[in-house]
Amino acid sequence: MDKIITAGKPIRCRAAIARKAGEPLVIEEVMVAPPETGEVRIKIICTSLCYSDITFLKLKDPPAFFPRILGHESVGVVESVGDGVTEVAEGDTVIPIFLPDCAQCGDCTSKKSNLCSTFPFKVSPWMHDGSSRFTDIKGETLYHFLFVSSFAEYTVVHMANVTKIDPVIPPNRACLLSCGVSTGVGAAWRSANVEAGSTVAIFGLGSIGLGVAEGARLCGATKIIGIDVNPEKFEVGKRFGVTDFVDSRSCGEKRLSEIITEMTGGGADYCFECVGKASLVEEAYASCRKGWGKTVVLGVDKPGAQLTLSSFEVLHRGKALLGSLFGGLKPKSDIPILIKRYINKELELDKFVTHEVSFEDINKAIDLLVEGKSLRCVVWMDK
Ligand code: CXF
Ligand code: ZN
């Protein structure tokens, strides 16, 4: 059969649209415009759910926008490329990643940063040029999400947000590397640079916290303390290398940081805040070792949330506090390394996938995550 030529023309396909805050996604036919200069159109193979999709579905006001195509953890195949695209070609397997990497600016060429200056990361409802490639069947514009919008059979992504990968990794594992798991693993590996023999404290054992545990285990940490409000998380955590557990609701008179300081003989070498709560960042900072302790912030708090740290403590304790988007990973150079480590059976991705559903059941995947029943639910577009 002759191949249907789609390049250069709009594609009509299905997408799961967030029409109203807090309501189930609606699968509808949409039009996906061809890629503009520097962009690619991608046929999504599978996508997984990250908690940020839920956060932006539940929010009523900006930075939430409706109608919108959510989704930002995925893998796909390039269907067509826009002008000037040389890095990938039709048929290549790619991972769209919310954090841009132009590979050329002063930040992208520096080992010290993963924050691109040419295409600064922002929580925007548009492509980088301020426009959309999606319309619904009535011609109404649909908003993008985190430069990815993977809850669709086809999406358009700028090359700064695309990493070409070796298709040897199965798609239902590759998609995990787009956000949550990479963020956790990267935070231990790149942001903190955890050394063998270190002590680590992880505040919040959701997928990101468990990703940190996996990264810390890979780096050779010997004591990995998991802290969570739900004691059942310890059993889950053990499978990810968590060696000790603190139930943050049963600290009695003591502050969490007193308990961690006692357990580590003076404070953990590395603390990771994976919940998104300013008071927990303060507790994590108080839990890390004077002189060399490092606290890494991964959780996303409410807009405007402020930290309160004693200036005296900051001066006298000599600790570091670091923010970490995408775990400090540089998408184009670090994701291929993580894939090699998965293929070499070092990085364990399989244990993060607790459920798999077909696209028609995407709302089930949302419910599983909201109810705390899944770590990662993979949604197959074509099964
Ligand atoms: C997050 C990172 C911080 C802003 C919102 C989205 N990334 C992915 O989940
Ligand atoms: Zn995410």
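Residues numbered from 1 in each chain as written. Chains lettered and ligands numbered in written order. Predicted model: local features only at pLDDT ≥ 70, side-chain atom pairs only at ≥ 80, totals over all residues. Heavy atoms only, no water.

This is how the line gets drawn: UniProt positions are given in the numbering used here, feature names are shortened, and annotations may be inferred rather than shown by experiment.
Looking at an unreviewed UniProt entry, one finds the protein named Alcohol dehydrogenase-like 7, with Sesamum alatum as its source organism. In its Sequence similarities (unreviewed entry) section, UniProt records this for the protein: "Belongs to the zinc-containing alcohol dehydrogenase family. Class-III subfamily."

### Focus: the pairing of strand 12 (residues 244–247)
The condition is simple: At least two bridges found by DSSP between two strands are what make those strands a pair. Only DSSP runs of H or I covering at least 4 residues are called helices, and only runs of E covering at least 2 are called strands; the numbering of each starts at the N terminus. The path from the first strand over the helix to the second decides the hand: if it runs clockwise while the strands point away from the viewer, the crossover is right-handed.
Strand direction decides the pairing type here: strand 11 (residues 223–228) and strand 12, joined by four bridges, are parallel. Following the sheet pairing, Asp-228 is matched in strand 12 by Asp-247. Assessed by its sense of winding, the connection that carries the chain from strand 11 through helix 5 (residues 233–238) to strand 12 is right-handed.

### Focus on the coordination of the zinc ion (ligand 2)
The line we're drawing: Counted as donors are the N, O and S atoms within 2.8 Å of the metal, or 3.2 Å for Na, K and Ca, while water is not among the atoms, so some sites may look incomplete. Only two sets of limits are used to name each site, 85 to 135 degrees for every angle of a tetrahedral four-donor site, and over 155 degrees for opposite donors with all other angles from 65 to 115 for a square planar four-donor or octahedral six-donor site, with any other site named irregular. Using a 1.4 Å probe on the protein chains alone, a residue whose accessible area is under 20% of its type maximum counts as buried, one over 50% counts as exposed, and one in between counts as partly exposed.
Only Cys-50 (SG), His-72 (NE2) and Cys-179 (SG) from the protein coordinate the zinc ion (ligand 2), and they sit 2.0 to 2.2 Å from it. Classification of the site at the zinc ion (ligand 2) rests on its four donor atoms, whose angles at the metal span 97 to 125 degrees, yielding the label tetrahedral. Mapping the donors of the zinc ion (ligand 2) onto the primary sequence gives the spacing C-x21-H-x106-C. Taken together, the residues His-72 in the loop between helix 1 (51–58) and strand 4 (73–81) and Cys-179 in the loop between helix 2 (171–174) and helix 3 (180–191) connect sequence positions 107 residues apart. Judged on exposure class, the residue His-72 and its partner Cys-179 are both buried.

### So, the sheet that holds strand 12
Counted only if it meets this: For helices, the fitted line uses only the C-alpha atoms of the stretch in contact; every axis is such a line through C-alpha atoms, and the angle between N-to-C directions lies from 0 to 180 degrees. A contact between two residues is defined here by any heavy atoms of the two lying within 4.5 Å.
Sheet architecture is open: six strands sit in the order 12-11-10-13-14-15, paired in parallel fashion. One side of each edge strand has no neighbouring strand; the edge strands of this open sheet are strand 12 and strand 15 (320–323). If you compare each strand with its neighbour and ignore which way they point, the axes differ by 15 degrees on average. In terms of strand pairing, strand 10 (residues 199–203) meets strand 11 through five bridges, oriented parallel. When the sheet's bridge partners are listed, Thr-199 is paired in strand 11 with Lys-223. Most of the contacts of helix 4 (residues 207–218) go to strand 10, to which it runs at about 170 degrees, and overall it touches strand 10, strand 11 and strand 13 (270–273).

### So, unusual backbone geometry
At the junction of Pro-62 and Pro-63, the peptide bond is cis and its omega measures out at 15 degrees in the coordinates. Assignment of secondary structure puts Pro-63 in the loop between helix 1 and strand 4. Cis peptide bonds are those with omega within 30 degrees of zero, and the linkage from Phe-66 to Pro-67 qualifies with -5 degrees. Position of Pro-67 relative to the elements: it lies in the loop between helix 1 and strand 4. Positive phi outside glycine occurs at Ser-149, with the angle close to 50 degrees. Its place among the elements puts Ser-149 in the loop between strand 7 (141–142) and strand 8 (154–158). A positive phi angle, near 65 degrees, is found at Lys-345, a position not held by glycine. One can find Lys-345 in the loop between helix 9 (331–343) and strand 16 (353–358).

### Section: the packing of helix 6 (residues 256–263) against helix 7 (residues 278–287)
The test is simple: Throughout, the term roughly parallel applies to angles under 35 degrees, roughly antiparallel to angles over 145, roughly perpendicular to angles from 65 to 115, and oblique to all others. Left-handed describes a crossing whose near helix is turned anticlockwise from the far helix through less than a right angle; right-handed describes the clockwise counterpart. Each residue gets one of three labels, nonpolar for Ala, Val, Leu, Ile, Met, Phe, Trp, Tyr, Cys and Pro, charged for Asp, Glu, Lys and Arg, and polar for the others, Gly among them.
Where helix 6 contacts helix 7, the two axes come as close as 8 Å, and the packing angle between them is 30 degrees. By the angle between their directions, the pair helix 6 and helix 7 is classed as roughly parallel. When you trace helix 6 past helix 7, the crossing you get is right-handed. Taking contact as the criterion, the partners of Leu-256, Ser-257, Ile-260 and Thr-261 in helix 6 are, on helix 7, Leu-280, Glu-283, Ala-286 and Ser-287. Class assignment for the residues of the contact of helix 6 with helix 7 results in four nonpolar, three polar and one charged.

### Concerning the state of the cysteines
So the rule is basically this: We call a pair of cysteine sulfur atoms a disulfide when they lie within 2.5 Å.
Considering all chains together, one arrives at zero disulfides under this definition. Take Cys-102: it sits in no disulfide, and the sulfur closest to it among the cysteines is that of Cys-116, at 3.8 Å. Judged by relative accessible area, which is 14%, Cys-102 ranks as buried. Looking at the unpaired Cys-175, the closest cysteine sulfur is the one in Cys-46, lying at 4.1 Å.

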